Amino acid sequence: MAVRDPRDGAVQKIIKGLLDFARQSEPEKRENDVLEILKKTIALVENHKDFREIEIIEDFDPNLPRLMLDRDQIQQVFMNLIVNAEEAMNGSGTLYVRAKPGPDGLTVVIMFRDNGPGMDEDTMRKIFDPFFTTKEMGTGLGLSISLGIIVNHGGELEVESKPGGGACFTITLAANSGAGGRAAA
Ligand SMILES: Nc1ncnc2c1ncn2[C@@H]1O[C@H](COP(=O)(O)OP(=O)(O)O)[C@@H](O)[C@H]1O
Ligand SMILES: [Mg+2]
């Protein structure tokens, strides 16, 4: 398939969305450093022109346990949430990204909070439906794919929002799905 640069053009964007949708597969989970994936994803967008006026605030716990993750899939989820935040804020605003152990110590919680326009209850109910979009050039596939990936990892993806009050997406991933947990000092 000759999609040269999937970031350019509406048609390419739709094709890429459909390919991602069709490709949804069982995750190939390996022990991974979730912070490394998160930092790498932020580094990918940081210098893009659409992010020139987006301030990204990082609040990371450096001692997170390692997790069993399919890194490409998790990176795709982070990317979808970051790009959605940028699009909601229309290229200017603050994106707060937080990664901390869950209160029970058995999970890792990753949060993306923007100060864009947020959404009403009615919109919020539909955002995880495939093809639901409020954007002229949207595919409506980013969040449905992201939810699928997180559920396939045994995790949760939740949203909180109010019109005018920004949006907050929270991913919870289990820290103890098999392999060893934190390396001993
Ligand atoms: N950070 C956000 N702030 C406000 N609305 C959002 C945000 N993220 C997603 N949405 C809403 O969810 C819809 C679906 O998102 P998504 O599945 O990624 O598809 P798309 O980005 O192609 O519209 C968006 O069209 C938008 O209405
Ligand atoms: Mg999207």
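Up top is the structure.
A brief structural summary. Remember, predicted model here, so these are calculated numbers, not experimental data.

**Quick look at the nonpolar core**
Part 1 of the argument: One finds Leu 38, Phe 78, Leu 95, Ile 110, Phe 112, Phe 169 and Ile 171 to be the most contacted residues of the largest nonpolar core, which totals 41 residues.
Part 2 of the argument: Those elements that provide at least two residues to this core are α2 (34-46), β2 (53-60), β3 (67-69), α3 (71-88), β4 (92-101), β5 (107-114), α5 (142-152) and β7 (167-174).
Part 3 of the argument: Setting aside chain neighbours within four positions, we find Ile 110 in contact with Val 34, Leu 38, Phe 78, Arg 98, Ala 99, Phe 169, Thr 170, Ile 171 and Leu 173.

**Re the pattern of salt bridges**
Part 1 of the argument: For the structure on display, the rule yields nine salt bridges.
Part 2 of the argument: Between Asp 59 and Arg 98 there is a salt bridge, with the nearest N and O atoms lying 3.9 Å from each other. One end of the pair, Asp 59, is in strand β2; the other, Arg 98, is in strand β4, with 39 residues separating them in the sequence.
Part 3 of the argument: Judged by relative accessible area, Asp 59 falls into the partly exposed class, the value being 23%.
Part 4 of the argument: Ionic pairing is found between Asp 122 and Arg 125, a salt bridge with its closest N-O pair at 3.6 Å. Taken as a pair, Asp 122 and Arg 125 lie in helix α4 (residues 121-126) at a separation of three residues, close to a single helical turn.
Part 5 of the argument: With relative accessibility at 40%, the residue Asp 122 sits in the partly exposed group.
Part 6 of the argument: Here the residues in one salt-bridge network are Asp 59, Arg 98 and Lys 100, joined through shared partners.

**Structural notes on the side chain of Thr 41**
Part 1 of the argument: On the secondary structure map, Thr 41 appears in helix α2.
Part 2 of the argument: Using a relative accessible area of 0% as the deciding quantity, one classes Thr 41 as buried.
Part 3 of the argument: Apart from the residues within four sequence positions on either side, Thr 41 is in contact with Gln 75, Phe 78, Met 79 and Ile 82.

**Focus on the site of ligand 1**
Part 1 of the argument: Surrounding ligand 1, one finds 20 residues, the nearest of these being Asp 114, Thr 133, Thr 134, Lys 135 and Leu 143.
Part 2 of the argument: Measuring from an oxygen atom of ligand 1, one finds a side-chain N or O atom of Thr 134 at 2.5 Å.
Part 3 of the argument: At 2.8 Å, a backbone N or O of Leu 143 approaches an oxygen atom of ligand 1.
Part 4 of the argument: Expressed as a share of its isolated accessible area of 540 Å², the protein-covered part of ligand 1 is 94%.
Part 5 of the argument: Contributions of two or more residues to the shell around ligand 1 are made by α3, α5 and β7.
Part 6 of the argument: Take the shell around ligand 1: its biggest share by element is four residues, from α3.
Part 7 of the argument: Here the shell around ligand 1 is built from residues that sort into nine nonpolar, eight polar and three charged.

**Observations concerning the sheet that holds strand β6 (residues 156-161)**
Part 1 of the argument: The five strands lie next to each other as β2-β4-β5-β7-β6, forming an open sheet whose pairing is mixed. Taken across any chain shown, the strands that pair with only one partner, and hence form the sheet edges, are β2 and β6. Ignoring which end each strand starts from, the neighbouring axes of this sheet average 15° apart.
Part 2 of the argument: Relative to β4, β2 runs parallel, the two sharing eight bridges. Bridging across to β4, Glu 53 finds its partner in Ser 92.

What counts and what doesn't
- Residues numbered from 1 in each chain as written.
- Chains lettered and ligands numbered in written order.
- Predicted model: local features only at pLDDT ≥ 70, side-chain atom pairs only at ≥ 80, totals over all residues.
- Heavy atoms only, no water.
- Core = buried A, V, L, I, M, F, W, Y, C linked by side-chain atoms within 4.5 Å.
- Buried < 20%, exposed > 50% of the residue type's maximum accessible area, 1.4 Å probe, protein only.
- Helix = DSSP H or I, 4+ residues; strand = E, 2+ residues; numbered from the N terminus.
- Contact = heavy atoms within 4.5 Å.
- Salt bridge = Lys/Arg side-chain N within 4 Å of Asp/Glu carboxyl O.
- Near = heavy atom within 4 Å.
- Polar contact = N/O pair within 3.5 Å; in protein donor to acceptor, adjacent residues only side chain to side chain.
- Areas by Shrake-Rupley, 256 points an atom, 1.4 Å probe, with all protein chains shown as cover.
- Nonpolar A, V, L, I, M, F, W, Y, C, P; charged D, E, K, R; others polar.
- Pairing = 2+ DSSP bridges.
- Axes fitted to C-alpha atoms, helices over the stretch in contact; angles between N-to-C directions.

Honestly, it's all geometry; don't read function into it.
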